[in-house]
Amino acid sequence: TEMKAKKIIIGLFAAFIALSLPMNAQSKKQKQEEISKTIRELIEAQKINVEVNTALPMRGPSRHLTSNYSVEIRNDSVFSYLPYFGIAYSAPYGGRAKGLIFDEKITDYKVLFDKKGTANISFRTRNDEDSYIYWIKIFSSGSADVRVTPNNKQSISFYGEFIYDTPKKNAKNK
């Protein structure tokens, strides 16, 4: 009888584990689909904010960034707050370059989504120092790559994360 009770308990425990595993996998898949959908909707609405944490200059080692750097697109403008490490082929008068820190209008804005849901965004912009082409790749997981090609400087790339609020995050904040 004691042995039967142990077998029943072990059997119930095994059944509970077996039934809970598919539910966890399903809820993870649903959560990822929800995140992907949120990211896509924000990109299509041109509400893009990427915080970068690593810079990859063309020459030299990658650099972990300790300050908050980002590139944001809202409607027809870019808000670029990125550091620059590299060689400038020409510099502004007085040598006081701003790096990649500016707010300007964008042109030639394009978004293409691949089969996996990765967004490939490109646009052009210019300020009083240079003209730039930005390529931003945002993966369905939320990770992002940013590449900036200035006209008068070497290109530089960044790794970071797409910043977004899921509906659950918004519900907690209200």
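Residues numbered from 1 in each chain as written. Predicted model: local features only at pLDDT ≥ 70, side-chain atom pairs only at ≥ 80, totals over all residues. Heavy atoms only, no water.

(A) Inspection of the overall build of the protein chain at higher detail. Tallying secondary structure elements over the protein chain gives two helices and eight strands in all. Considering only contacts in the protein chain between residues 6 or more positions apart, those separated by 24 or more positions represent 48%. Entry remark: accessible area of the protein chain is about 11700 Å², with carbon and sulfur atoms responsible for 54%. (Helix = DSSP H or I, 4+ residues; strand = E, 2+ residues; numbered from the N terminus. Contact = heavy atoms within 4.5 Å. Areas by Shrake-Rupley, 256 points an atom, 1.4 Å probe, with all protein chains shown as cover.)

(B) Spatial organisation of the layout of surface pockets. Roughly 220 Å³ of volume is contained in the largest pocket. Here the lining of the largest pocket is built from residues that sort into eight nonpolar, three polar and four charged. (1 Å grid on protein atoms, 1.4 Å probe; cavity = no way out; pocket = protein on both sides within 12 Å on 5 of 7 lines; lining within 4 Å. Points joined across faces, edges and corners; volume = space filled by probe spheres on them. Nonpolar A, V, L, I, M, F, W, Y, C, P; charged D, E, K, R; others polar.)

(C) Summary view of the nonpolar core. Judged by nonpolar contacts, the single largest core of 31 residues is most densely connected at V50, Y134, I138 and F158. Discounting chain neighbours no more than four positions away, the residues touching F158 are V52, T54, A55, L56, L65, L82, P83, L100, A144, D145, V146 and V148. (Core = buried A, V, L, I, M, F, W, Y, C linked by side-chain atoms within 4.5 Å. Buried < 20%, exposed > 50% of the residue type's maximum accessible area, 1.4 Å probe, protein only.)

(D) Examining the sheet that holds strand β3 (residues 77-82) more closely. One closed barrel accounts for eight strands, arranged β1-β2-β3-β4-β5-β6-β7-β8; its pairing is antiparallel. Along the sheet, successive strands turn relative to each other by an average axial angle of 30°, direction set aside. Of the strand pairs in this sheet, strand β4 (residues 100-113) and strand β5 (residues 119-126) are connected by six bridges, and their pairing is antiparallel. Looking at β5, one finds that V111 is bridged to I121. (Pairing = 2+ DSSP bridges. Axes fitted to C-alpha atoms, helices over the stretch in contact; angles between N-to-C directions.)

(E) Broad picture of the pairing of strand β8 (residues 156-162). As judged from the seven bridges shared by strand β1 (residues 47-57) and β8, these two strands associate in the antiparallel manner. Along β8, the bridge assignment pairs E51 with E161. Both strand β7 (residues 143-150) and β8 contribute to a ladder of six bridges, which runs antiparallel. Bridging from a neighbouring strand, V146 pairs with F158 of β8. Linking two consecutive strands that pair antiparallel, namely β7 and β8, is a turn of five residues.

(F) Region of interest: the packing of aromatic side chains. In total, this model carries four aromatic pairs according to the counting rule given. On the basis of an interplanar angle of 25° and a centroid distance of 5.2 Å, the ring pair of Y69 and Y81 is categorised as stacked. Within this pair, whereas Y69 is found in strand β2 (residues 63-74), its partner Y81 is found in strand β3, the two being separated by 12 residues in sequence. Exposure remark for Y69: the relative accessible area of 17% places this residue in the buried category. You can call Y81 partly exposed: its relative accessible area is 39%. (Phe/Tyr/Trp six-rings, centres within 6.5 Å; stacked < 30°, edge-to-face > 60°.)

(G) Quick look at the environment of E72. Structurally, the position occupied by E72 is in strand β2. Take E72: its relative accessible area is 21%, and that puts it in the partly exposed class. Counting along the chain gives 25 residues from E72 to K47, while the straight-line C-alpha distance between them is 7.6 Å. Excluding residues within four positions of it along the chain, E72 makes contact with I48, N49, S77, V78 and F79.

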